[in-house]
Amino acid sequence: MKEADEKPVHRRQFIKAGLHTTAALAIGGLAGMALSKSAPANLVWQIDPDKCIQCERCATNCVLNPSAVKCVHKYAMCGYCDLCGGYHRPGTKNLDTAAESQQCPTGAINRTFIEEPYFQYTIDEKLCIGCGKCVKGCGSFGNGSLFLQVRHDRCVNCNECAIAKSCPADAFVRVPANKPYLFRGGVAGAEPPNPLSGEAS
Amino acid sequence: MKKQFIILCFLFALSVEFTFAVEQRFPRPDFESGYVQPEPTSPAARAAAWQYIDIAVLILTLSLSSWLVLQRRSRNLIFTLMLFSLWYFGFHRQGCICPVGSIQNVVAALFDPAYAIPVTVVVFFIVPLIFTLFFGRTFCAAVCPLGALQDAVIVKPQKIPAWLNQVLGLIPYLYLGFAILYAATGAAFLVCRFDPFVGFFRFGFNEGMFIFSIIIILIGMFIARPYCRFLCPYGVLLKWLSMLSKKHATITPNECIQCHLCADSCPFEAIQIPTPDKYPGDTTRTRRQLYLLLALTPLIVLISAWSFSNLSVLLSREHYIVQLAEQIRLEDSGQATSITDASKAFRGAGATTQELYLQAAQVQRQFKTGSWLLGAFIALVFMMKLIYLQFWRRRTDYEPDRANCFSCGRCYAACPKEHERLRELQGVLYSEDI
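Criteria and thresholds
- Residues numbered from 1 in each chain as written.
- Chains lettered and ligands numbered in written order.
- Predicted model: local features only at pLDDT ≥ 70, side-chain atom pairs only at ≥ 80, totals over all residues.
- Heavy atoms only, no water.
- Axes fitted to C-alpha atoms, helices over the stretch in contact; angles between N-to-C directions.
- Helix = DSSP H or I, 4+ residues; strand = E, 2+ residues; numbered from the N terminus.
- Parallel < 35°, antiparallel > 145°, perpendicular 65-115°, else oblique.
- Left-handed = near helix turned anticlockwise from the far one by under 90°.
- Contact = heavy atoms within 4.5 Å.
- Nonpolar A, V, L, I, M, F, W, Y, C, P; charged D, E, K, R; others polar.
- Domains from an automatic or database assignment.
- Buried area = accessible area lost by both parts, 1.4 Å probe.
- Salt bridge = Lys/Arg side-chain N within 4 Å of Asp/Glu carboxyl O.
- Pairing = 2+ DSSP bridges.
- Expected span 1.5 Å × (residues − 1).
- Buried < 20%, exposed > 50% of the residue type's maximum accessible area, 1.4 Å probe, protein only.
- Phe/Tyr/Trp six-rings, centres within 6.5 Å; stacked < 30°, edge-to-face > 60°.
- Lys NZ or Arg CZ within 6 Å of the ring centre and 35° of its normal.

S.K.: Describe the packing of helix α9 (residues 171–184) of chain B against helix α14 (residues 233–243) of chain B, with residues and values.
M.R.: Residues and elements named next belong to chain B. The geometry of α9 relative to α14 is characterised by a closest axis approach of 7 Å and an angle of 115° between their N-to-C directions. With respect to their mutual orientation, α9 and α14 come out roughly perpendicular. Taken as a pair, α9 and α14 cross one another with a handedness that is left-handed. From α9, P172, Y173, Y175 and L176 reach across to α14, where they touch P233, V236, L237, K239 and W240. Across the contact of α9 with α14, the residue classes break down as eight nonpolar, no polar and one charged.

S.K.: Account for the domain arrangement of chain B, with residues named and values stated.
M.R.: All names here are of chain B. Each assigned domain of chain B is listed here: domain 1 (52–274 + 395–426) and domain 2 (283–390). A C-alpha centroid distance of 30 Å is found between domain 1 and domain 2. Each side of the interface is counted separately: domain 1 has 13 residues, and domain 2 has 15 residues. Here domain 1 meets domain 2 over a buried area of about 1300 Å², counting both sides, of which 77% is carbon and sulfur. For the domain 1 face of the interface with domain 2, the top three residues by lost area are L170, L181 and T185, together amounting to 36%. Taken together, domain 1 and domain 2 are joined by one salt bridge.

S.K.: Please provide a residue-by-residue account of unusual backbone geometry, values included.
M.R.: In most cases, non-glycine residues show a negative phi, while peptide bonds are predominantly trans. Of the consecutive residues E116 of chain A and P117 of chain A, the connecting peptide bond is found in the cis state with omega at -5°. In this structure, I97 of chain B follows C96 of chain B across a cis peptide bond, with omega equal to 0°. Structurally, I97 of chain B is set in the loop between α3 (75–92) and α4 (99–111). With a phi angle near 50°, Q258 of chain B is a residue other than glycine that sits in the positive phi range. Inspection of the secondary structure assignment puts Q258 of chain B in the loop between α14 and β2 (271–272).

S.K.: Quick one: what's the story with the side chain of Q390 of chain B, residue by residue and with numbers?
M.R.: Tracing the backbone shows Q390 of chain B in helix α19 (residues 353–390). In this structure Q390 of chain B touches T286, Q289, L290 and L293 of chain B, once residues within four positions along its chain are discounted.

S.K.: Describe the interface of chain A and chain B, and please don't skip the residues or the numbers.
M.R.: Taken together, the contact between chain A and chain B spans 73 residues of the former and 78 residues of the latter. Buried surface at the junction of chain A and chain B, both sides included, amounts to about 6300 Å², of which 61% is carbon and sulfur. Counting across the chain A and chain B interface gives two salt bridges. If you tally residues by element for the side of chain A that touches chain B, the top one is helix α2 (residues 11–36) of chain A, at 12 residues. Of the residues in the side of chain A that touches chain B, the class split is 43 nonpolar, 14 polar and 16 charged. Bridge count for strand β1 (residues 38–39) of chain A against strand β1 (residues 117–118) of chain B is two bridges, and the pairing is parallel. Residue pairing across strands places S38 of chain A opposite I117 of chain B, the latter belonging to β1 of chain B.

S.K.: Please provide a residue-by-residue account of α4 of chain B, values included.
M.R.: Residue and element names in this part refer to chain B. When the terminal C-alpha atoms of α4 are compared, their 19 Å separation across 13 residues agrees well with the 18 Å that a helix rising 1.5 Å per residue should span. Here α4 lies mainly inside the structure; 11 of its 13 residues are buried. All of the buried residues in α4 are P99, V100, G101, S102, I103, Q104, N105, V106, V107, A108 and A109.

S.K.: Just give me the short version of the pattern of salt bridges, but keep the residues and values in it.
M.R.: Side-chain pairs of opposite charge can arise where the charged atoms are in close proximity. All names here are of chain A. For the structure shown, the criterion picks out 22 salt bridges over all chains. Across the salt bridge formed by R111 and D82, the nearest N and O atoms sit 2.9 Å from each other. Of this pair, R111 sits in strand β4 (residues 109–115) while D82 sits in the loop between β3 (69–73) and β4; the two residues are 29 residues apart in sequence, bridging distant segments of the chain. Taking the relative accessible area as the measure of exposure, R111 reaches 13% and is therefore buried.

S.K.: Got a sec to walk through the packing of aromatic side chains? Specific residues and values, please.
M.R.: For the structure shown, the criterion picks out 26 aromatic pairs over all chains. Through a chain of ring-to-ring contacts, the aromatic side chains of F84, W87, Y88, F89 and F124 of chain B assemble into a single cluster. Taking NZ or CZ as reference, R111 of chain A lies 3.9 Å from the ring centre of F119 of chain A, over its face. Over the aromatic face of Y412 of chain B sits the side chain of R73 of chain B, whose NZ or CZ is 4.2 Å from the ring centroid.

S.K.: Report on the pairing of strand β2 (residues 43–47) of chain A, specifying residues and quantitative values.
M.R.: The side chains of a regular strand alternate between the sheet's two faces. Residue and element names in this part refer to chain A. Across the five residues of β2, five count as buried, placing the element largely inside the fold. Residues L43, W45 and I47 point to one face of β2 and V44 and Q46 to the other, with burial holding for every one of them. Pairing geometry for β2 and strand β7 (residues 172–176), over five bridges, is antiparallel. Each bridged residue has a counterpart across the sheet, and for Q46 the counterpart in β7 is V173.

Here it is in C-alpha cells:
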C-alpha cells in the first residue's frame with residue numbers, strides 16, 4: 001500500500017529535472033558574470049574629436065539619411081575670422097556668402113556679421129550632413145572650433161554602429177548616456193572617452 | 001586693419017604643416033558690441049527612465065504571451081500581442097537593443113575588460129531565457145519583433161523536405177559560434193550587421209542589406225519564419241531551454257484523440273506525429289551506428305578544431321587592428337599600392353608601429369584559440385545531431401516539437417477537443433456546425 005501511494009520517479013523525468021536546474025543555474029551564473037561587469041547607465045556612441053580625421057564616412061555610412069552625425073560649433077574656441085577655413089573654399093577670392101565660395105556642400109553654415117571684423121558661423125543642423133569638410137578646413141587653418149559629434153536627438157543607437165565599424169581612425173567610442181558628448185575645449189557634460197566611467201566605482 | 005592681419009595669419013597657417021589642431025591659433029576676439037557667445041546645443045540622449053519602461057514592457061509582454069499560450073489558448077490574442085510587440089520593440093524602439101543581438105554584448109562584457117555592459121542589455125538577454133525555461137518559446141510567439149515581422153508576412157507556407165529542415169536547422173549553431181567568436185575578439189557584431197529586419201524598423205538600409213532583407217521577406221511568404229528557423233542564434237539558446245521547460249504549449253487542451261487534424265496546421269513543421277508501436281528499423285544496426293558515431297566524435301571534433309584553428313588568420317582579417325597592422329606592414333615594406341585613411345590616421349596619432357604589431361599579434365592569438373573552440377563546437381553540434389537521430393522514442397500522441405515550436409497557437413483551432421472546450425466555455429454542449 002505504501003509503495004502505491006508514492007509517486008514513482010521516472011528516470012527520464014529525473015534527468016530532465018536535473019538538466020532544468022542546471023540550465024537555471026547556468027542562466028543565473030551568466031547573469032551574475034554579466035552584471036558584475038555592468039554599468040548602470042546606458043551607453044551611446046560618440047566621436048572622439050581628437051581622433052577624427054574627417055574622412056567623410058560619417059556622411060555616407062550612417063543607417064540614417066541624413067546622418068546622425070552633425071557638425072558642432074564650439075563658439076568659445078572660434079576666432080570669428082572674416083576668412084574662415086571652415087566656411088570658405090580654399091583659394092576663394094571673394095569673402096562672401098556665394099555658393100561657390102562655401103566649403104559646405106549643403107550651405108548649412110550661416111555667416112552673420114557681428115562687428116568689424118568679426119563674423120559668427122552657425123551650423124544649421126537640418127541641412128548639415130556630417131561630411132566634416134568644414135571641420136577639416138577649420139582644423140587645418142583655424143582654431144578647430146568645429147568638430148563632428150553624434151547628435152542624440154537623431155541617433156538610434158545601433159548595437160553595431162555602421163559608422164564606427166568603418167571609421168578609419170577608430171574614433172567612435174561608447175559613452176554613458178547621461179554624458180553623451182565629447183566637446184572640444186571642455187564643456188559641462190563632456191567626459192574622457194572611457195566607457196567604464198559611468199560605473200559607480 | 002585687423003582684416004589684413006587675419007589674412008596674413010591665414011597665409012602663415014597655410015605655409016605650416018599641422019598634424020594637430022593647435023588651440024586658439026587665432027586669439028579669442030574682444031567684442032565691443034556686447035555680443036554674447038552662444039553655447040553649442042547638446043540634445044540629450046534618450047532619458048534613463050525609458051530604459052526601465054522598456055524592461056517593464058518586455059516583462060509584461062512575456063508574461064501576457066505565456067498566459068495566452070498556456071492558459072487562454074487564443075491565437076487571435078497572441079497575434080494581437082505580436083503586432084503590439086512588432087510596433088513597440090520594432091518600429092517604436094527601432095530594433096535596438098533586442099535580445100537576439102544582446103548575446104554579443106554579454107560576450108563582449110565577459111571578454112573585453114574595457115566594455116561595461118548596460119544593465120538593461122543584461123536584462124534583455126536574461127529575461128526571455130528565464131521565461132523559456134519555464135513556459136517554452138513564448139518569447140518567439142509574441143514578443144520578438146523579428147519573429148513578429150516574419151509571422152505577419154506568411155502567405156502560403158510550404159512544407160520542405162525533413163532532411164533539408166534538419167540540415168538548415170544546423171546553420172543557427174554555426175551563426176552563434178561565429179557571432180561569439182567575433183564579439184569575444186572585439187572584431188564585429190555580426191548578428192547586428194546581418195540583421196535583415198532592422199532596416200525596415202528604421203526605414204534605412206546599408207548597401208547590400210536591402211537586397212538580403214527583401215529576399216528574406218519574400219522567402220518568408222512561402223517558407224514560414226525562415227530567419228527564426230534557419231538563422232537566429234538566440235533561437236539556439238531558446239531551443240535548448242524550451243526542451244527543458246517546466247510547461248509548454250499543447251495542441252490539445254486535455255487529451256489527444258489521434259485524429260490527425262492538427263498535423264497540417266503548423267507552418268513550421270514543428271508537430272511530431274505518433275510513431276508505430278515498435279521501432280521500424282533494425283535495432284542491432286542502429287546500435288552499431290550509434291557506437292560508431294560515439295567513437296568517431298572525439299576524432300572528428302579534434303580534426304575540425306585543428307582545421308578551424310588553421311583558418312584563424314583568415315578569420316582575424318575582420319578585426320580593425322589586424323587590418324591596420326597588415327596595411328602598415330605593406331606600406332613600410334613598399335608593397336602597398338595605396339595609402340588608406342586608416343594608416344594616415346594611425347601615423348598621425350603617433351603610436352609606434354611596434355605597439356601596433358604587438359596588439360595585432362595578441363588579437364591573432366585570441367583568434368587562434370577562438371577558432372579552435374569554434375571548430376570543436378561546430379563538429380560537436382554536428383555529431384550530436386547525428387547521434388540524436390539514432391535515438392527512437394515511442395510517441396502515442398500528436399505533440400509539439402519542443403525545440404522548434406514557437407508557441408504561436410495556430411494548432412489550437414485544428415483540435416476537435418479544443419472546439420469542445422470552447423463550446424463548454426460558452427455553455428453550449430452540442431452544436432450542429434462542428
